[in-house]
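Observations on the model geometry
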Amino acid sequence: MTVPRALTPLGAAWRVLALLACLAVLVTGQFLRSNDLFPFGVLDQFSSGTDPDGEVVNTCLQGQREGGAPFDIDFGPRSVGIARADVENTLPTIEEDPDLLAPLAAEYDRRHRDEEPLSVLVLCQRITTLRDGSAHGEAKFVEVTRWTAP
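Every chain is numbered independently, its residues counted from 1 as its sequence is written. Per-residue local features of the predicted model are confined to residues with pLDDT of at least 70, and side-chain atom pairs are confined, for both listing and counting, to 80 or more; whole-chain, interface and lining totals are unaffected and use all residues. Neither water nor hydrogens contribute to the side-chain values; these are computed over all heavy atoms in the structure.

1. As for the overall build of the protein chain
- By definition, any uninterrupted DSSP run of H or I lasting at least four residues is a helix, any uninterrupted run of E lasting at least two residues is a strand, and each is numbered from the N terminus. When its secondary structure is counted, the protein chain shows four helices and five strands.
- Across the protein chain, helices and strands are ordered from the amino to the carboxyl terminus as α-β-β-α-α-α-β-β-β.
- For every residue, the accessible area obtained with a 1.4 Å probe (protein chains only) is divided by the maximum for its type, and the residue is called buried under 20%, exposed over 50%, and partly exposed between those limits. Taking all 150 residues of the protein chain together, 27% fall into the buried category.
- Sequence-distant contacts in the protein chain: of pairs separated by 6 or more residues, those separated by 24 or more amount to 56%.
- Only the protein chains shown count as cover for residues, and the accessible areas themselves come from Shrake-Rupley with a 1.4 Å probe. Carbon together with sulfur atoms contributes 57% to the accessible area of the protein chain, which is approximately 10700 Å² in total. Whether two residues touch is decided by their heavy atoms; if any such pair falls within 4.5 Å, the residues are in contact.

Listed below in structure tokens is the structure:
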């Protein structure tokens, strides 16, 4: 049987420093309201439930090609290069400057070279009303902001 060794002052200092660094990153993530420091970000998606008689807001993208009908575009690295949560975290900034959608349109076009480029990209929300925890009626479509190709 081995006898445990006493913790040296250097070992104790290293552990305290590591603990303080983790706490600093966690607190910074909370104040910046950012998930960039994952897993130390806000993680606010887990902090509250949905009111069973409230609304569920689903952020969405719609694209349109010159002369064509609008169509849904998925979020993600294989489509526009960004996750929906990352767009939702910066929604007020994108509303103020719709040109921030241009890189998403460019990424989508890069992945769909055989098709006409997007002329419009709409950041939208589908709002579903709940009654007793179940969807009630049709989802309401709301255009948040629109980017138009120059």
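2. Considering the pairing of strand β1 (residues 55–65)
- Note that β1 and strand β3 (residues 118–131) share 11 bridges and pair antiparallel. Of the residues in β3, the one forming a bridge with N58 is R126.
- Judged from the three bridges that link them, β1 and strand β2 (residues 71–73) form a sheet pairing that is antiparallel. Bridging across to β2, G63 finds its partner in F71. Strand pairing follows a simple DSSP-based rule, namely that at least 2 bridges must link the two strands.

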